[in-house]
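# Summary of the model geometry
Chain residues, written in single-letter form:
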Amino acid sequence: MLDDTTDLKSRLKDPSLLETRAYVNGEWIDGEKTFDVTNPARGDVIAQVADLSREQVAQAIDAAYAAQKDWAKYTGKERAAIMRKWFDLMMENQDDLGTIMTAEQGKPLAEAKGEIAYGASFIEFFGEEAKRIYGEIIPGHGRDKRIHVIKQPIGVAASITPWNFPTAMITRKAGPALAAGCAFVGRPASETPLSAIALGVLAERAGIPAGVFNVVPSSSSSDVGKEFCENPKVRKLTFTGSTEVGRILLKQAADQVMKCSMELGGNAPFIVFDDADIDAAVEGAILCKFRNNGQTCVCANRIYVQAGVYDQFAEKLAKRVSEMKVGDGLEEGTELGPLITDKAVEKVEAHIADAKSKGAKIILGGEKQQMKGSFFRPTIVTGATQDMAFATEETFGPLAPLFRFEDEDDVIAMANDTIFGLASYFYARDLSRVYKVAEALEYGIVGVNTGIISTELAPFGGVKQSGLGREGSHHGIEDYLEMKYVCLTV
Ligand SMILES: NC(=O)C1=CN([C@@H]2O[C@H](COP(=O)(O)OP(=O)(O)OC[C@H]3O[C@@H](n4cnc5c(N)ncnc54)[C@H](OP(=O)(O)O)[C@@H]3O)[C@@H](O)[C@H]2O)C=CC1
Ligand SMILES: O=C(O)[C@H](O)CS(=O)(=O)O
């Protein structure tokens, strides 16, 4: 249990990682005021963080713009060496970084430490990709013509990230940006700035040049977003968060025809066919639904179970979920922490109330966990139907609605009946069914007989209103590069 900054610092091997100032141009700076960071497990203030003004953010962009020119002259190999050191420092400080994350976001410490490793993997992977930014030579269109294609960094990249993965969502952007030779200005969510600032502490120690990586915490997200979109020195905007905010940012960025990457909301279907390994499907559903307490854009939001195995699946799932430990993320054995805010709890309650009013039945949970903080018991409802709120809205919490279906075509139609298209999952063993369903699902990501798809090696991203672009894999660096065609006359 935590109740203030002193308590949190006392838990760290290296208390200097708990920094509350902004990191701009290699300097640690204060804001004109501060904003509170609270521990969602108790509601206590654990830190007061520099609250930068729009003018200060503009100064960070100026610093990034200046620093980027020199950073782009480093060879890929030189950038790789510095990024490798940043990766090593993240892993050496994994325990402390995990503790800081659990304190401000609430996820169990084991999950937080897992996120540090996941986040660091993007720095490692893209550090290596820095050496592989290849161009090409194309046979000319005339005897005296030579066509050269080269790739160059786009310039200053501005980043806005959410609270659900306070480290990995930043490094999934900063990794390719720095590897490409861009400079980076990151604005973390106001709920979870400490993890982002700690990345700045380690970036400085790794020898990342001043101004190349900047962290600008602020309580005003809209002001910072406008600065990012309106400042001519910014040439790239990368955002992870809700589709609603993604639309706002895209509209704002349109005036400068700015290159945008958008990782937005989802509404993932999780389908269990009657030829599935039911025990494996139950374990996969638990990982997919309850990772980060359901607060990920790729969590199962709708669970469709074929009629012949519905009752068996529901019974097995309810038994396993009933055994999950809800509590403070810093306590040994906790599997489900608090939700990020009371507002998030209210959204889960609203989805449950809506479903009950339309005939759904709660077979597990359904109420708040009686303890301080924004806790809610993991909940399973049966009798879910397409007219219920969670069929069209992302719940972002520990609510597992079970839909019954009869045949393949029906469930594919229901699964695709959404404006979102990020992640989807299904369990089946018949080979032709696996091919047919994987190709028919309208999503950027399809997990087959697995509930976890996240890795730095794969292109992560959605279709329809779940976003634009891909993060991770060798594709992920392209969004931070401009392709230049050089027409040589010889
Ligand atoms: N795709 C994904 O991974 C995520 C999806 N979501 C979805 O979004 C829903 C709401 O979650 P929430 O955290 O409120 O997500 P938001 O999209 O509201 O916030 C995400 C980030 O955007 C910032 N932001 C909010 N409004 C603006 C704006 N007008 N201009 C610039 N930046 C802005 C937020 O800052 P601040 O926090 O300071 O307001 C935060 O840093 C969730 O229920 C879920 O459905 C949420 C998080 C991640
Ligand atoms: O925003 C999210 O929820 C993350 O992108 C999910 S993941 O990449 O960490 O799985």
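Residues numbered from 1 in each chain as written. Chains lettered and ligands numbered in written order. Predicted model: local features only at pLDDT ≥ 70, side-chain atom pairs only at ≥ 80, totals over all residues. Heavy atoms only, no water.

## Regarding the state of the cysteines
All told, the structure shown has 0 disulfides when counted by the stated rule. Unpaired in terms of disulfides, Cys299 finds its nearest cysteine sulfur in Cys288, a separation of 6.2 Å. (Disulfide = S-S within 2.5 Å.)

## Quick look at the domain arrangement of the protein
On domain assignment, one finds that the protein holds domain 1 (8-264 + 466-488) and domain 2 (268-448). Averaged C-alpha coordinates put domain 1 and domain 2 at centres separated by 31 Å. Residue-level contacts link 26 residues of domain 1 with 26 residues of domain 2. With both chains or domains summed, domain 1 and domain 2 bury close to 2,000 Å², and 57% of this area falls on carbon and sulfur atoms. (Domains from an automatic or database assignment. Contact = heavy atoms within 4.5 Å. Buried area = accessible area lost by both parts, 1.4 Å probe.)

## Thoughts on the site of ligand 2
In the region of ligand 2, the neighbouring residues are Tyr118, Asn164, Phe165, Met169, Arg172, Thr240, Arg291, Thr296, Cys297, Val298, Ser454 and Phe460. In this structure, Tyr118 approaches ligand 2 through a side-chain N or O atom, which is 2.9 Å from an oxygen atom. Within the side chain of Asn164, one N or O atom sits 3.1 Å away from an oxygen atom of ligand 2. Against a free-state accessible area of 290 Å², the protein chains account for coverage of 99% of ligand 2. Comparing atom positions with the cavity grids shows ligand 2 to sit within the largest pocket. Tallied by class, residues from the shell around ligand 2 come to 6 nonpolar, 4 polar and 2 charged. Lining the shell around ligand 2 are residues from two domains, each supplying at least three of them: domain 1 (8-264 + 466-488) and domain 2 (268-448). (Near = heavy atom within 4 Å. Polar contact = N/O pair within 3.5 Å; in protein donor to acceptor, adjacent residues only side chain to side chain. Areas by Shrake-Rupley, 256 points an atom, 1.4 Å probe, with all protein chains shown as cover. 1 Å grid on protein atoms, 1.4 Å probe; cavity = no way out; pocket = protein on both sides within 12 Å on 5 of 7 lines; lining within 4 Å. Sits in = over half its atoms within 2 Å of the grid points. Nonpolar A, V, L, I, M, F, W, Y, C, P; charged D, E, K, R; others polar.)

## Details of helix H6 (residues 168-180)
End to end, H6 covers 18 Å across 13 residues, agreeing with the expected 18 Å (1.5 Å per residue, within 8%). Counted residue by residue, H6 has 13 buried out of 13 residues, so it is predominantly covered. Positioned one or two residues after H6, Gly181 has a phi angle of 100 degrees, which is positive. (Helix = DSSP H or I, 4+ residues; strand = E, 2+ residues; numbered from the N terminus. Expected span 1.5 Å × (residues − 1). Buried < 20%, exposed > 50% of the residue type's maximum accessible area, 1.4 Å probe, protein only.)

## Some words on empty space enclosed by the protein
All told, the structure shown has 2 cavities of 30 Å³ or more when counted by the stated rule. Within this model, the largest cavity holds a volume of roughly 40 Å³. In this structure, the largest cavity is lined by Leu287, Cys288, Arg291, Thr296, Val298, Cys299, Tyr425, Gly451, Ile452, Ile453 and Ser454. The class makeup of the residues in the lining of the largest cavity is 7 nonpolar, 3 polar and 1 charged. Considering the residues around the second largest cavity, the lining is formed by Ala80, Met83, Arg84, Glu124, Gly127 and Glu128. Put simply, the parts of the chain that give the lining of the second largest cavity at least two residues each are helix H3 (76-92) and helix H5 (109-129). Across the lining of the second largest cavity, the residue classes break down as 2 nonpolar, 1 polar and 3 charged. (Points joined across faces, edges and corners; volume = space filled by probe spheres on them.)

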